Amino acid sequence: MELNALTIKQATTGLQNKEFSSVELTSACINRIKKRNSDINAFISVTEDEAMDAAKKADEAIKNGSSKTLTGIPFGVKDAICVKDIRSTGGAKILDTYTPPHTATVIEKILSEGAVLVGKQNCDAFGHGASNENSMYGPVKNPHDTTKVAGGSSGGSAAALADNQCLFSIAEDTGGSIRQPASLCGVAGLRPSYGRNSRYGIMPMASSLDTVGPMAKTIEDIAILMEVMAGNDKKDATTVNQEVPMYTKEIIKDISGMKIGVPKEYMELEGMDEEVKHIIEKQIEALKKMGCKIEPISLPHTKYAVPVYYIVVPSEDSSNMGRLDAIRYGVQEKGDSLYDVYANSRRNGFPEEVKRRIMVGTYALSAGYYDAYYKKAQKVRTLIRQDFENAFSKVDLLVTPTSPFPAFGLGEKKDDIISMYLADVFVSPGAVAGIPGLSVPVGNTKARLPVGLQVMGPRLAEGRVLQLGHHIQQAQS
Ligand code: GLN
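The following refers to the structure shown. (Residues numbered from 1 in each chain as written. Predicted model: local features only at pLDDT ≥ 70, side-chain atom pairs only at ≥ 80, totals over all residues. Heavy atoms only, no water.)

## With respect to the site of the ligand
Here's step 1: Neighbouring residues of the ligand: 16 residues in total, closest Thr174, Gly175, Ser177, Tyr309 and Arg357.
Here's step 2: Here Gly127 contributes a backbone N or O atom positioned 2.9 Å from a nitrogen atom of the ligand.
Here's step 3: Between the ligand and the protein, one listed contact pairs an oxygen atom with a side-chain N or O atom of Tyr310 at 3.3 Å.
Here's step 4: Relative to its unbound accessible surface of 290 Å², the ligand loses 99% to contact with the protein.
Here's step 5: At a threshold of 2 Å from the grid points, most atoms of the ligand map onto the largest cavity.
Here's step 6: Listed by contribution, the elements that provide at least two residues to the shell around the ligand are strand E6 (168-173) and helix H11 (305-321).
Here's step 7: Tallied by class, residues from the shell around the ligand come to 4 nonpolar, 8 polar and 4 charged. (Near = heavy atom within 4 Å. Polar contact = N/O pair within 3.5 Å; in protein donor to acceptor, adjacent residues only side chain to side chain. Areas by Shrake-Rupley, 256 points an atom, 1.4 Å probe, with all protein chains shown as cover. 1 Å grid on protein atoms, 1.4 Å probe; cavity = no way out; pocket = protein on both sides within 12 Å on 5 of 7 lines; lining within 4 Å. Sits in = over half its atoms within 2 Å of the grid points. Helix = DSSP H or I, 4+ residues; strand = E, 2+ residues; numbered from the N terminus. Nonpolar A, V, L, I, M, F, W, Y, C, P; charged D, E, K, R; others polar.)

Structure below.
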């Protein structure tokens, strides 16, 4: 097996046993990126020099016995997450030359373990999208079929991992951006509960929904990463002050007798791809054989999740995008007046979808419309959250498809905004409610496109969510 195709667990063992070095492992990833990036386009910036230096340091640490679990493991980071002195564009030209003065807390934690950053990954500008076609650096192609999208907004993070260009990726999920591309590319991805991981250093999109989480090849690797990433952070007041569980221990616990709810509103969705439905139903049958109790559940406000999401998110988005004025940082265009400088910089620096959200959000927040739209959406948001609370008083976890369809064609939905927004139909409800969601690869369509199963759990029950995901993966092997 090629070194770059290893899981974190396998690579850590190999490094500790001196079967290969981090320099060799990192070179394997960098070579893979060099070979594939012109086609897949998963990376906006490749940090080869920094990576090779970090790999040498990692090998030293392994030699002198001071290494940790992630020492020497190559990884990529979504470009909407800041890393000090490394170009971080967020997928938008307005930040084409931006090198942040700070590193996101979660990345700081991973780097302090001695992990090796190989580059910054392509994404829809500021996380706005479900196909990676809203990146100003070109779309990411799906490694399973390069005529298809990789999903979004973290398409680069999912595609890079699926294509063995790195061993794990760190991405952001506001309304599905980790789970949906993970599903379309056939890797695992966890959106943690809101407040579980620090958002400090993540380019803000919709602050009351933004989360940062890992993508990896196995759930076991996700558990390893969450033990490093999670926890309270003084720099993010929304992080919870609760002990971080030993996820790697939680996942191996027995699942027999676990009560799993299947929400009827999800399975009955009109327009769901038949093959996806069949693969998910087969997996639900398999769960029964694994000793789980399957129960039908109703989440009656599900149909409002996408409309609520597309009021709340653009509203918060429009105010967050306000900081990008090209005065303090970013690419500044010329203009005859201050107004023209703002207007020209924002006109050229933002893609259409960012402008659309700024307009929708500004409208929804304006005097006279605030009560009718934003406030009302927030009230319905509470109802959606209560649906989940009711469900979790009856069952331990919920399972659903992650996406109603497998990877779609590049360009297929680009001009059909509503149909693109509907790609989030199964991932936005959990995001609106702030609960954790995991996408686990559970099969492929006849055209060999991956299908993901979403596992959702109560707030802060990441351990239980990962536990089921791990058992599903174990049963596959
Ligand atoms: N598709 C969603 C959107 O466009 C996902 C965003 C995200 O999670 N960053 O808003």
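There's more to say after this.
## Some points on the nonpolar core
Here's step 1: Counting residues in hydrophobic clusters, the biggest one holds 93 residues, and the most contacted among them are Phe168, Ile170, Phe388 and Leu468.
Here's step 2: Among the elements that line this core, the one with the most residues is helix H7 (residues 219-229), at 8 residues.
Here's step 3: Judged by nonpolar contacts, the second largest core, of 22 residues, contains Ala55, Val140, Ala182 and Cys185. (Core = buried A, V, L, I, M, F, W, Y, C linked by side-chain atoms within 4.5 Å. Buried < 20%, exposed > 50% of the residue type's maximum accessible area, 1.4 Å probe, protein only.)

## Focus on the pattern of salt bridges
A side chain of one charge can pair with a side chain of the opposite charge when the charged atoms of the two come close.
Here's step 1: Taken as a whole and assessed by the stated rule, the structure comprises 22 salt bridges.
Here's step 2: A salt bridge links Glu172 to Lys78, with the nearest nitrogen and oxygen atoms 2.5 Å apart. Linking Glu172 in strand E6 with Lys78 in strand E2 (residues 74-78), this pair joins segments that are 94 residues apart in sequence.
Here's step 3: By relative accessible area, which is 1% here, Glu172 ends up buried.
Here's step 4: According to the relative accessible area criterion, Lys78 is buried, its value standing at 0%.
Here's step 5: A salt bridge links Lys288 to Glu285; the shortest N-O distance between them is 3.1 Å. In this pair, Lys288 and Glu285 are both assigned in helix H10 (residues 274-289), 3 residues apart and thus about one turn of the helix distant.
Here's step 6: A residue is classified by how much of its surface remains accessible, and Lys288, at 42% relative accessible area, is partly exposed. (Salt bridge = Lys/Arg side-chain N within 4 Å of Asp/Glu carboxyl O.)

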